[in-house]
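# Results of the structural survey
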Amino acid sequence: MMKILKSEDLSTLKKLKKYIKKYYLIIILNMILAMISSTVSVSPLVLVKRLVDQGILGSNEKDILYAAGGMICLAVVGAVLIYWNGILSVMISSSIYKNITDDLYIKIQSLDMEYFSRTKIGELMIKVLNDPGNVNYLIIESFNLLSEVFRAVVCLVIAIYIDWKLTVGVLVIAPILLITVKKYSGKLKKSGRARQEATGILNSKLQETLSGIRVIKAFAMEKEEIRDFRKKSLELKKVALKSARYTSKSSAISEALNYIMVAMLLMFGGFRVLRGNHFTTGDFITIVGAISSMYTPVKRAISRYNEISMNIPSIGRIFEILDVVPEIEDAPDCIKFAEFKSDITFENADFRYKDSDEKVLKNINLVAKKGETVALVGNSGGGKSTLVNLIPRFFDVTSGKIMIDGIDVKNYKIKSLRKKIGIVPQETFLFGGTILENIRYGNQHATFEEVIEAAKKANAHEFIEKLEQGYETEIGERGAKLSGGQKQRAAVARALITNPKLILADEPTGALDSNSADSLLRLFNSINESGQTIIMVTHSVRAASTAGRVLFIKDGQLFHQIYRGDMSNEEMFACISDTLTALAVGGKRNA
């Protein structure tokens, strides 16, 4: 027997088992309901023979009323059953859809930063939002396909019951129909995956455009971006047209075969009536009605099967995310990080990205003591930000180790470690909502007074008070209603709300004016005096000159370090400037 579904399709569908098994009972109930509703909806055909032979041709009004009344009752019952069949189908599919999208979101939260560095956000959004919708549609269409198949089978049974020889003779062309379905289902599955990928690429382009709209306008690149977008949308159009051609060919062949089948039925059935042979007019009308009624569900079943074939690739795309195993996870015997007590130690630490052979950091050895302010300076791309990102385990070292208080960071619970670190990222990101919600994001249980205190420390309270609704002001998506400096100060306040003993600041003064920068540096000095540790990445010589120690990093290596000692800020400034100049011209200093 010819297989309609390939083994690879079956293995892909089996991946949904974990979601389907939760609803086995309701699925079985829905299948039974589909079977009953399909049987009831075509059962009026059985009454046609009585209506014609005994009622009309036999001039028996009672039989006419009996047949007509039976048809009406069956129609009402069938309508009720079809309604509940549809409700249960949507209930099952929407529940599975919700479970899949929830699992995808949970999985995304657990993935490593390196995964996001190599994955396009637009394509990821398609997999999270569109593909579960396609699976939802696939499940609904599967139930609908089942109903259509049941309906077609009941029609076939009725036709065989009336005259099996005539029915079999007419259905000799059925194998051609099955071959057509098989041929085009494979092509539709491939074009379906191509369509989903093309949609992902187009979505990535749109997401990139919206994120970089200011840059596009600043460089007057609108025409070039439109040209690129049209090129990608054209690819999507080509894929859609290819799918449409396959679907149309399949439908056209099915339509032609149906008319051929009906023509054969009318011809041979007509001969049987004329020749007698116990084949009545009622038999003829019933078998013609059954075969004709079988066509509509068969046609719909083919259409639904094609839709299912096109959406099967979405299951694989979903599991491309769900099957990812995070490389940065809690060790089995890890401990909770309670508080930063003594020092952070880098011991022969190397780092490279998984998709690259080039090391970003090479043999880093350093110790940052509690209560120390350490500034990391050097050329862009030297590895400063990467070094800082290794401490909260956004990435893990390729070799060597990083220890906090003498314990490898891999032996701490990740969440407990990160909650004790105040992080000011290089790219300031604020969530849509109020400025109060954004500052409190670091500590959901912080009181309003604690939020204000953190804002004052970050020199943000004054500008917040001037906003129309103060701390309750909606700041727009990504903080669009705030200036760069205001967003930076809000981000610093968010880091301080947790009262961390360790602060990692990546270019904290980069978006600030000189007065705000000076205020923030004074804050860091006061924090440092209270025993908190600050590791700061900066290109600002002025910011670096306030640190107790300055580390110079070039090409992933620690080249030199300066200790403040008894030097003033001005002396530190001059010393840092001289060292940066020496490194820029290729000079190498001993650490």
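Residues numbered from 1 in each chain as written. Predicted model: local features only at pLDDT ≥ 70, side-chain atom pairs only at ≥ 80, totals over all residues. Heavy atoms only, no water.

### Overview of the overall build of the protein chain
Keep this limit in mind: Here a strand is any run of E in DSSP of at least two residues, a helix any run of H or I of at least four, and the numbering for each starts at the N terminus. The quantity called the radius of gyration is restricted to C-alpha atoms. Its globule counterpart is 2.2 Å times the number of residues to the power 0.38. Under the scheme applied here, a residue whose accessible area is under 20% of the maximum for its type counts as buried, over 50% as exposed, and between as partly exposed, the area being computed with a 1.4 Å probe on protein chains only. The contact rule is simple, with two residues in contact once any of their heavy atoms fall within 4.5 Å. Surface accessibility in these figures is a Shrake-Rupley result with a 1.4 Å probe; residues are shielded only by whichever protein chains are displayed. Positive charges come from Lys and Arg alone, negative charges from Asp and Glu alone, with His and the N- and C-terminal ends not counted. Just so you know, the charge point we use is NZ for Lys, CZ for Arg, CG for Asp and CD for Glu.
When you go through the protein chain residue by residue, the secondary structure sums to 21 helices and 10 strands. A compact globule built from 591 residues should have a C-alpha radius of gyration of about 25 Å, whereas the protein chain, at 36 Å, is more than 25% larger. Counting only C-alpha atoms and orienting by the principal axes, one finds that the protein chain spans roughly 120 × 55 × 50 Å. Counting all 591 residues of the protein chain, 46% fall into the buried class. Counting contacts in the protein chain only where the partners sit at least 6 residues apart, residues at least 24 apart contribute 77% of the total. Accessible surface for the protein chain amounts to roughly 30,700 Å². Of this, 59% is attributable to carbon and sulfur atoms. Distance between charge centres in the protein chain, computed from 78 positive and 62 negative side chains, equals 8 Å.

### Quick word on the nonpolar core
We count it as follows: Side-chain atoms within 4.5 Å link the members of a nonpolar core, which is a set of buried Ala, Val, Leu, Ile, Met, Phe, Trp, Tyr and Cys residues.
Ile435, Ile439, Ile464, Tyr471, Leu496, Val550 and Ile576 are the most contacted members of the largest nonpolar core, which totals 46 residues. Among the elements that line this core, the one with the most residues is helix H19 (residues 514–529), at six residues. Isoleucine 464 has contacts with Ile435, Ile439, Ala455, Gly470 and Tyr471, leaving out every residue within four places of it along the chain. Grouped together as the second largest cluster of nonpolar side chains are 32 residues, Val388, Val397, Leu417 and Ile421 included.

### Let's talk about a nonpolar patch on the surface
The test is simple: A residue counts toward a patch only above 30% relative accessible area and without a salt bridge, and it is joined to like-charged neighbours within 9 Å or, for Val, Leu, Ile, Met, Phe, Trp and Tyr, to nonpolar neighbours within 5 Å. By salt bridge we mean one thing: a side-chain nitrogen of Lys or Arg within 4 Å of a carboxyl oxygen of Asp or Glu.
Where nonpolar side chains cluster on the molecular surface, the patch consists of Ile72, Val76, Val80, Tyr83, Trp84, Ile87 and Met91 and spans about 690 Å² of accessible area. Mapping tyrosine 83 onto the fold places it in helix H5 (residues 61–110).

### What about the sheet that holds strand E10 (residues 557–563)?
Our working definition: Note: two strands are recorded as paired if DSSP finds a minimum of 2 bridges between them. Fitting a line to C-alpha atoms yields each axis, with helices limited to the stretch in contact; the angle taken between N-to-C directions then spans 0 to 180 degrees.
On the basis of which strands lie adjacent, the open sheet formed by six strands has the order E6-E7-E8-E3-E9-E10 and mixed pairing. Two strands lie at the open edges of the sheet, namely strand E6 (421–424) and E10, each paired on one side alone. Taking the axes of each pair of neighbouring strands and ignoring which way they run, one obtains an average angle of 15° across the sheet. With four bridges connecting them, strand E3 (residues 373–377) and strand E8 (residues 533–537) associate as parallel partners. Bridged to leucine 376 within E8 is valine 537. Where helix H18 (residues 484–496) meets the sheet, it contacts E6 and strand E7 (502–506), and its direction lies at approximately 170° from that of E6.

### Concerning a positive patch on the surface
Together, Lys14, Lys17, Lys21 and Lys22 give the surface a local cluster of positive charge. When you line up the elements, lysine 22 lands in the loop between helix H2 (17–20) and helix H3 (24–42).

### Observations concerning the confidence of the model for the protein chain
Inclusion rule: Note: pLDDT gives the predictor's confidence per residue, expressed from 0 to 100.
On average, residues of the protein chain carry a pLDDT of 81, and 91% of them reach 70 or more. In the model, residues 587–591 has pLDDT below 50 throughout and makes 11 contacts with residues more than four positions away in sequence or in other chains.

### Remarks on the sheet that holds strand E2 (residues 361–369)
As summarised here, the arrangement of the four strands in space is E2-E1-E4-E5, forming an open sheet in which the pairing is antiparallel. Because the sheet does not close on itself, it has two edges, and the strands there are E2 and strand E5 (407–408). The pairing of strand E4 (residues 399–404) with E5 spans two bridges and is antiparallel. Counterpart to methionine 403 in the pairing with E5 is aspartate 408.

### As for the packing of H5 against helix H12 (residues 281–322)
Packed helix pairs are specified by the crossing angle of their axes together with the interaxial distance, meaning the distance between the axes. The condition that has to hold: In the scheme used here, Gly and all other residues not listed as nonpolar or charged are polar, with Ala, Val, Leu, Ile, Met, Phe, Trp, Tyr, Cys and Pro taken as nonpolar and Asp, Glu, Lys and Arg as charged.
In the contact formed by H5 and H12, the axes pass within 9 Å of each other and the chain directions differ by 35°. Each of Ile100, Asp103, Leu104 and Lys107 in H5 lies in contact with H12, whose residues at this interface are Ile318, Ile321 and Leu322. Here the residues of the contact of H5 with H12 are counted per class, giving five nonpolar, no polar and two charged.

### Focus on the pattern of salt bridges
Taken as a whole and judged by the stated rule, the model has 18 salt bridges. For glutamate 320, the salt bridge is made with lysine 127, and the minimal N-O distance between the two is 2.7 Å. Residue glutamate 320 is found in helix H12, and its partner lysine 127 is found in helix H7 (residues 121–162); the two are separated by 193 residues along the sequence. Judged by its relative accessible area of 35%, glutamate 320 falls in the partly exposed class. Its salt-bridge partner being glutamate 141, residue arginine 304 comes within 3.1 Å of it at the nearest N-O pair. A residue pair is termed long-range when its members are at least 10 positions apart, and arginine 304 in helix H12 and glutamate 141 in helix H7 qualify at 163 residues. Given the relative accessible area of 6%, glutamate 141 is considered buried. Through salt bridges with shared partners, a single ionic network connects Glu141, Glu148, Arg151, Arg300 and Arg304.

### Here's the deal with the packing of aromatic side chains
To keep it simple, the criterion reads: By convention, a stacked pair of Phe, Tyr or Trp rings (six-membered ring in the case of Trp) has centres within 6.5 Å and planes under 30 degrees apart, an edge-to-face pair has planes over 60 apart, and any other such pair is tilted.
Applying the stated criterion across every chain yields a total of nine aromatic pairs. Between tyrosine 115 and phenylalanine 116, the ring centres sit 5.6 Å apart and the planes meet at 90°, which makes this aromatic pair edge-to-face. Owing to a relative accessible area of 10%, tyrosine 115 belongs among the buried residues under this scheme. When the ring of tyrosine 353 is compared with that of phenylalanine 395, the centres are 5.6 Å apart and the planes differ by 85°; the resulting orientation is edge-to-face. You can see tyrosine 353 sitting in the loop between strand E1 (343–351) and E2 and its partner phenylalanine 395 sitting in the loop between helix H13 (384–390) and E4, a full 42 residues away along the chain. Feature note: the residues Phe351, Tyr353 and Phe395 constitute an aromatic cluster, connected by ring pairs.

### With respect to the environment of lysine 362
Following the sequence through the fold, lysine 362 ends up in strand E2. The class for lysine 362 is partly exposed, based on a relative accessible area of 30%. Ignoring anything within four residues of it in the chain, the contact list for lysine 362 reads Ala349, Asp350, Asp555, Gly556 and Gln557.

### Description of the environment of alanine 517
Relative to the helices and strands, alanine 517 is located in helix H19. Its relative accessible area of 4% is what places alanine 517 among the buried residues. Placed 438 residues apart in sequence, alanine 517 and alanine 79 show a C-alpha to C-alpha distance of 72 Å. The contacts of alanine 517, once residues within four sequence positions are left out, are Thr509, Leu512 and Arg542.

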